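Coordinates in review
Single-letter residue listing:
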Amino acid sequence: MTQYFELACPSRPENVGLCRVTVATFAANLGFTLPEIEEIKVAVSEAVSNVVVHAYPGAEGLIGLRCEESADGLVISVHDKGVGIEDVAKARQASFSTDPERMGLGFVFMESFSDEFRVESQPGKGTRIEMRKRREAPAEGA
Amino acid sequence: MLEGAGKPVQIAIRRQGPTATVRLSGEFDLKAAPQVREQLDGLIDGGAQRIVIDLRQVRFLDSSGLGVLLGRYRRLSERGGSIYLLTAAEGSVRTVLEMSGVRQVMPLLASESEVPRT
């Protein structure tokens, strides 16, 4: 069986750190390097923060997190059953944000710190973000 | 190797006339953002004109923390003030700051001695 874990928790700010560190621990067990883990932490933090801030306006809902080992690394999925994103292409643009205190860099960091990145969203049904991170090949002779 | 989840942000403030130095440590994310925002807004409302934010002990920074920094920059620059950021030369915090482009408006410095004197 492939190594994986699933986690569900309320969309609260304190759970951003919980999700981030849980994925980082999983990645460490798979042999990711510290710099790779630092990038994974930022990407996960952005995806989960988006759920907390945007998915359930004025309410609390569930953050869904799944992490699975792949042949060359890790697949991370963050999903919610919130309001969804009206225009995914617009949301992915740098500096676009519906919140003036946010910089609109969430998607930029998710995309930059993962090797493959996909967003699926349906207004009124929720959003699913999938990020793939490849493990650096061990140095020759290591 | 891996620090605990949501290690609370710690804030230490030193005020010398119009200059305030704010030393942050821990993780500067969505959970920490309101606390840091409140402290920085208090300094701005209290008349600080130069705020030096020391991020060298911050172990994690994402766009929630960046949003707080940029928002305070906007508030203070409207009043003719400046914000300077102290950061380590490398690491994920530095990478996030560089990628965000905030250095175009807030200088990234290595130590307090590099902060321009008025």
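Shown above is the structure to which this text applies.
Here the structure is a predicted model, which is why all the values come from computation and not from measurement.

**Here's the deal with the overall build of chain A**
Along the backbone of chain A there are four helices and five strands. Written out in order from the N terminus, the α and β elements of chain A read β-α-α-β-β-α-α-β-β. Scaling as 2.2 N^0.38, a compact globule of 142 residues should have a C-alpha radius of gyration of about 14 Å, and chain A matches this with 15 Å. On the principal axes, the C-alpha backbone points of chain A span a range of 55 × 30 × 25 Å. For chain A, the proportion of its 142 residues judged to be buried stands at 49%. Considering only contacts in chain A between residues 6 or more positions apart, those separated by 24 or more positions represent 65%.

**Section: the pattern of salt bridges**
All names here are of chain B. According to the stated counting rule, one finds 21 salt bridges over all chains in the structure shown. Asp 41 is the partner of Arg 72 in a salt bridge, and the nearest nitrogen-oxygen pair spans 2.9 Å. Within this pair, whereas Arg 72 is found in helix α2 (residues 63–78), its partner Asp 41 is found in helix α1 (residues 33–45), the two being separated by 31 residues in sequence. For the pair Arg 72 and Asp 41, a shared accessibility class is recorded, and that class is buried. Among the salt bridges present, the one from Glu 98 reaches Arg 103, with a minimum N-O distance of 2.9 Å. Owing to a relative accessible area of 32%, Glu 98 belongs among the partly exposed residues under this scheme.

Rules and cut-offs
Residues numbered from 1 in each chain as written. Chains lettered and ligands numbered in written order. Predicted model: local features only at pLDDT ≥ 70, side-chain atom pairs only at ≥ 80, totals over all residues. Heavy atoms only, no water. Helix = DSSP H or I, 4+ residues; strand = E, 2+ residues; numbered from the N terminus. Rg over C-alpha atoms; globule rule 2.2 N^0.38 Å. Buried < 20%, exposed > 50% of the residue type's maximum accessible area, 1.4 Å probe, protein only. Contact = heavy atoms within 4.5 Å. Salt bridge = Lys/Arg side-chain N within 4 Å of Asp/Glu carboxyl O.

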